[in-house]
Amino acid sequence: MSILFSSLLKRLLIIALPTASLIGCEHTEVQNDNHRASNEVVANYDRSDWKHTQALCSQSQLDQTRASSFGCYRGYSEAQYDQFIRESVYVPVRDGVRLAVDIYRPVKDGKPITRPMPVIFTFSRYWRATEHPDGMVSTYVGRMPIGQSTIAIKAALDNGSQGDVQGVGLLLAHGYTFVRAEARGTGASYGLRNGDLSGVEALDGKNIVEWIVQQPWSNGRVGMIGQSYEGMSQYLVASANPKGLKAILPGVATFDEYRASWSGAGVLRKYGLAWLAREAKRDGVQKGVESSSINPVDRSGKAVARVDADVDGSQRAAARQERLSDPEATNPMLYFIRQSPEAGELVDAISRAMGTDSPAQIMETLYSVERLSALIEANPELQQTLSQLSFYRDQSEMLQSAQDVGPNNLATLVERINNTDIAVYNWGGWTDFASIDTLLWYVNLDTGNKLTKLAMGPWTHGPNERDDRKEDASYVLRRIEQLRWADFHLRGIGNGMDLEPRATFATLRSSQEFDWQHRAGWPVADTSYRSWYLAPEGGLSAVRGSAGSSGFEVDFTSTLGEQTRYHDAIGLGPNVLPDLTAHGRNGALSFTTAPLEKAVTVTGSAVVSLFLSANVPVVDVNGYLEVVERDGTVRMLADGVMKTSHRRLGQPTYDNLGLPWSDSRKDVVMETPAIEPGRPVRVEFDLQPTSVVFNKGERIRLVVTGAEAHTNLTIPRPTPVRIELAHGGSRASELRLPVQLVE
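Residues numbered from 1 in each chain as written. Predicted model: local features only at pLDDT ≥ 70, side-chain atom pairs only at ≥ 80, totals over all residues. Heavy atoms only, no water.

(A) Quick look at the overall build of the protein chain. Counting secondary structure elements, the protein chain contains 21 helices and 33 strands. Relative to its full complement of 743 residues, the protein chain shows a buried share of 65%. Pairs at least 24 apart in sequence give 76% of the contacts found in the protein chain among residues at least 6 apart. Summing over all exposed atoms, the protein chain offers an accessible surface of approximately 26,200 Å²; the carbon and sulfur share of this is 47%. (Helix = DSSP H or I, 4+ residues; strand = E, 2+ residues; numbered from the N terminus. Buried < 20%, exposed > 50% of the residue type's maximum accessible area, 1.4 Å probe, protein only. Contact = heavy atoms within 4.5 Å. Areas by Shrake-Rupley, 256 points an atom, 1.4 Å probe, with all protein chains shown as cover.)

As structure tokens, then:
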């Protein structure tokens, strides 16, 4: 969902890679599950070179005629085309609704290629192309003049500001046709939305894939690519099992919507509402939120691109006018409320206290701790109403089962996807807001006879961080892997992807240095959990100490700021955190180890297990895993949260990697005793996964707070709230880390 930045960077990064004999050229099968990077090579992450496919090639691979491994691809297929033609049409789906579709086809000697080619498809609720006041249209392959259909790939990319960030230019050059369609009720497409990721949208995607298969320029084999919503829509379309869809490569996509985007252990995530508001503004159906400063959209005369036949824009205008008749399309608050009855109670209570039903004003109040505090001070009964709200897992149909019409929690579609033969390459980032979701997708997809792969990089959701080699790696490596994946599944090129380790992930060694591990699967076999215990005076020790406790008064303004991984995912990035040196000193607690005597590699999800008490019945508990570098610089690695009323753990219907899973059903939460002063209860939750080396001399730090004001709904209280954490003895609060054995 995030906005991609514009700079084109060329950087060299020395990282460790497996030897060529293990990662395989020419179908070399990898036998060693525990092989780790060992030799140094130069990785050239060059965004501006859109034909670049050798970022992680070792010297021995460069000396060979052809090579194929993660981030290295040469000799198996060649870039043969340097131009493309773009056509834009309406395609009717089964109920007659017309969806706007762009078709990009390779051109040779000024003429479109007529022979059937494999097709790459992207299906999204975002605009497929944008018209600008300067007479240009920006597309997935750079910019070109409005009305011009044929252009050189390089020229289009040079006209743009982002390079070939989606890798479509590279695919076109290698002989793939690319199709991008807008979901119903968005952009220039007709129809009304039934909610995002709806059952109707799944069938629409199926209809478009099967239309593609019937076209004379298609060889009947289709793959899908895309990130964020365009990653989620791949799982959605795959669940409908369209004829001709052979493989997908979804990036940074959610799995369990309750945890990732909605609530998660009873704590409401505010950023989802900001995303809904942005999309309403983008499509010009923002009744009631035009004036909201949350997630602003600068349209500046921009408009969704017309289809070719819509010369005067009348069809585009008619599509927009049609959706204006849909109340849900014109008020993002309605979809927000639809996800949970408690969300409706929240909005109603604030509306009554404010004396307005203005979505913009309600949203502004929800997002501002200061405004909400002032409203509660003026309306004391509001605090009691809001503090009693608890956002349950089982109170929304969309979170419980697959929906044939309305919006879906994608985790409910796993069985349908497993009943297909569609290959899946799951692509995620350690600092994405849904990093755990990518891992959950991988472990829950039944490979059967089809190939399922996993890649986890050091990058964010977008990514859009400037001068960051981790983000450069994301762009370049995804381009290469898309091409290798497509060649294998859509062209039948035996490039050895079926013989490689199924899981590849980056391990961070510093803020900018990382290397790659290649494993047979996930979780990594050579990891085991080790405990570090909370100790007096902010210590964190591998030895359980004597009984004691530490306490703090909750600061309801405590925050990592408004540019976290969660904000980055909805277009409010880049992900830039404030100076964390003092994180945990005020209105929180921090627990830090002594400088490490030897390096510790952590790969997986940390688990925070606390024995706590408080002077109020329910509190939110936030945990943060941080590294304190030798010079005192602090980097935040992972975070998690739980409302204490949701502390009872259950068993999900899917593989949760053995991690704590809040049951969060209403009857279970209602039966959970309130916490009391002096009577500690266990609260256990996992943090977002990571793979990181805590180097010798660095320190491991756990920070615990009672609020994360800019990410989660925070209800200020009129009297001080104090949380007490027990440590040592029989009630030893601890941080459990998945420590990887490293040769």
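So, next bit.
(B) Region of interest: the layout of surface pockets. For the second largest pocket, the calculated volume is near 690 Å³. Forming the walls of the second largest pocket are 38 residues, and the residues nearest its centre are Thr 431, Asn 575, Leu 577, Arg 635 and Met 636. Elements with a minimum of two residues in the lining of the second largest pocket: α19 (469-490), α20 (565-568), β27 (620-628) and β28 (634-643). Ranked by residues supplied to the lining of the second largest pocket, first place goes to β28 with 7 residues. (1 Å grid on protein atoms, 1.4 Å probe; cavity = no way out; pocket = protein on both sides within 12 Å on 5 of 7 lines; lining within 4 Å. Points joined across faces, edges and corners; volume = space filled by probe spheres on them.)

(C) Main features of the pairing of strand β10 (residues 136-139). Burial along β10 is two-sided: Met 136 and Ser 138 facing one way and Val 137 and Thr 139 facing the other are all buried. By the bridge criterion, 2 bridges tie strand β9 (residues 130-131) to β10 in an arrangement that is antiparallel. Paired with Thr 130 across the bridge in β10 is Ser 138. Hairpin connection between β9 and β10: a loop of 4 residues separates the two successive antiparallel strands, and Gly 135 in this loop has a positive phi of roughly 85°. Pairing of β10 with strand β11 (residues 142-145), which is carried by 4 bridges, proceeds in the antiparallel orientation. (Pairing = 2+ DSSP bridges.)

(D) Region of the structure containing the packing of helix α14 (residues 369-378) against helix α15 (residues 380-387). Direction vectors running N to C along α14 and α15 enclose 120°, while the axes themselves pass 4 Å from each other. Taken together, the axes of α14 and α15 are oblique relative to one another. Seen from α14, the contacting residues are Leu 372, Leu 375, Ile 376, Glu 377 and Ala 378; seen from α15, they are Pro 380, Leu 382, Gln 383 and Leu 386. Counted by class, the contact of α14 with α15 contains 7 nonpolar, 1 polar and 1 charged residues. (Axes fitted to C-alpha atoms, helices over the stretch in contact; angles between N-to-C directions. Parallel < 35°, antiparallel > 145°, perpendicular 65-115°, else oblique. Nonpolar A, V, L, I, M, F, W, Y, C, P; charged D, E, K, R; others polar.)

(E) Structural detail: the state of the cysteines. Throughout the structure, instances matching the rule amount to 1 disulfide. For Cys 57, the disulfide goes to Cys 72, at an S-S distance of 2.0 Å. Classification of the bridge connecting Cys 57 and Cys 72 rests on its S-S torsion, roughly 95°, and on that basis the disulfide is right-handed. In this pair, Cys 57 sits in the loop between β2 (39-46) and α2 (59-62) while Cys 72 sits in strand β4 (residues 72-74), placing the two residues 15 residues apart along the sequence. Overall, Cys 57 belongs to the buried group, its relative accessible area being 3%. The exposure class of Cys 72 is buried, given its relative accessible area of 0%. (Disulfide = S-S within 2.5 Å.)

(F) A look at the pattern of salt bridges. Taken as a whole, this structure holds 35 salt bridges when the rule is applied. The salt bridge partner of Asp 686 is Arg 259, with a shortest N-O separation of 2.8 Å. Of this pair, Asp 686 sits in strand β29 (residues 681-686) while Arg 259 sits in helix α7 (residues 257-262); the two residues are 427 residues apart in sequence, bridging distant segments of the chain. (Salt bridge = Lys/Arg side-chain N within 4 Å of Asp/Glu carboxyl O.)

(G) Seen up close, the side chain of Thr 53. Mapping Thr 53 onto the fold places it in the loop between β2 and α2. Classification of Thr 53 by relative accessible area gives buried; the value is 10%. Separated by 2.6 Å, the side chain of Thr 53 and the backbone oxygen of Tyr 73 make a polar contact. (Polar contact = N/O pair within 3.5 Å; in protein donor to acceptor, adjacent residues only side chain to side chain.)

(H) Structural detail: the side chain of Asn 622. On the secondary structure map, Asn 622 appears in strand β27. For Asn 622, a relative accessible area of 4% corresponds to the buried category. Contacts of Asn 622, omitting those with residues within four sequence positions, involve Gly 640, Val 641, Phe 685, Val 703, Val 704, Thr 705, Gly 706, Ala 707, Glu 708 and Asn 712.

(I) View of the sheet that holds β10. On the basis of which strands lie adjacent, the open sheet formed by 4 strands has the order β11-β10-β9-β16 and antiparallel pairing. Bordering the open sheet on either side are β11 and β16 (303-304), each of which pairs with just one other strand.

(J) Structural view of unusual backbone geometry. Cis peptide bonds are those with omega within 30 degrees of zero, and the linkage from Trp 522 to Pro 523 qualifies with 0°. Among the secondary structure elements, Pro 523 is positioned in the loop between β20 (514-519) and β21 (527-535). Within the chain, Ser 228 stands out as a residue other than glycine whose phi angle is a positive 65°. In this fold, Ser 228 is placed in the loop between β14 (218-227) and α6 (229-239). Of note, Val 252 is a non-glycine position whose phi angle comes to about 40°, a positive value. Considering the arrangement of structural elements, one finds Val 252 in the loop between β15 (245-251) and α7.

(K) Main features of helix α5 (residues 199-213). Look at α5: 22 Å from first C-alpha to last across 15 residues, which is about the 21 Å you get at 1.5 Å a residue. All of the buried residues along α5 are Gly 199, Val 200, Glu 201, Ala 202, Asp 204, Gly 205, Asn 207, Ile 208, Val 209 and Ile 212. (Expected span 1.5 Å × (residues − 1).)

(L) Broad picture of the packing of helix α12 (residues 341-354) against α15. Remark: α12 packs on α15, axes separated minimally by 10 Å, with the N-to-C direction vectors making an angle of 175°. With respect to each other, α12 and α15 are oriented roughly antiparallel. Within the contact between the two elements, α12 uses Leu 346, Ala 349, Ile 350 and Ala 353 and α15 uses Leu 382, Thr 385 and Leu 386.

(M) Quick peek at the packing of aromatic side chains. According to the stated counting rule, one finds 20 aromatic pairs in the structure shown. Centre to centre, the rings of Phe 255 and Trp 441 are 4.9 Å apart; their planes meet at 90°, and the pair counts as edge-to-face. A residue pair is termed long-range when its members are at least 10 positions apart, and Phe 255 in the loop between β15 and α7 and Trp 441 in helix α18 (residues 435-444) qualify at 186 residues. Trp 441 matches Phe 255 in its accessibility class, with the two residues each being buried. Positioned over the ring face of Tyr 425 is Lys 453, at 5.8 Å from the centre of the ring. We note Arg 491 situated over the ring of Tyr 176; from NZ or CZ to the ring centre the distance is 4.4 Å. (Phe/Tyr/Trp six-rings, centres within 6.5 Å; stacked < 30°, edge-to-face > 60°. Lys NZ or Arg CZ within 6 Å of the ring centre and 35° of its normal.)

(N) Structural context of the pairing of strand β32 (residues 722-727). For strand β23 (residues 548-553) and β32, the ladder comprises 6 bridges, and the chain directions are antiparallel. Following the sheet pairing, Glu 553 is matched in β32 by Arg 722. The pairing of strand β26 (residues 607-614) with β32 spans 4 bridges and is antiparallel. Bridging from a neighbouring strand, Ser 613 pairs with Glu 724 of β32.

(O) Region of interest: the nonpolar core. Formed by 104 residues in total, the largest nonpolar core has its most connected members in Phe 121, Leu 245, Phe 336, Leu 346 and Trp 522. Once residues within four sequence positions are removed from consideration, Leu 346 is found in contact with Leu 268, Phe 336, Leu 366, Leu 386, Leu 389, Phe 391 and Leu 713. The next biggest cluster of nonpolar side chains, apart from the first, holds 92 residues, and it includes Ala 55, Ala 614, Val 704 and Ile 723. (Core = buried A, V, L, I, M, F, W, Y, C linked by side-chain atoms within 4.5 Å.)

(P) The arrangement of the confidence of the model for the protein chain in detail. Put simply, the protein chain has an average pLDDT of 88, and 90% of its residues get 70 or more. Counting interchain partners and residues more than four positions distant, the pLDDT-below-50 stretch residues 1-42 has 154 contacts. (pLDDT = per-residue confidence, 0-100.)

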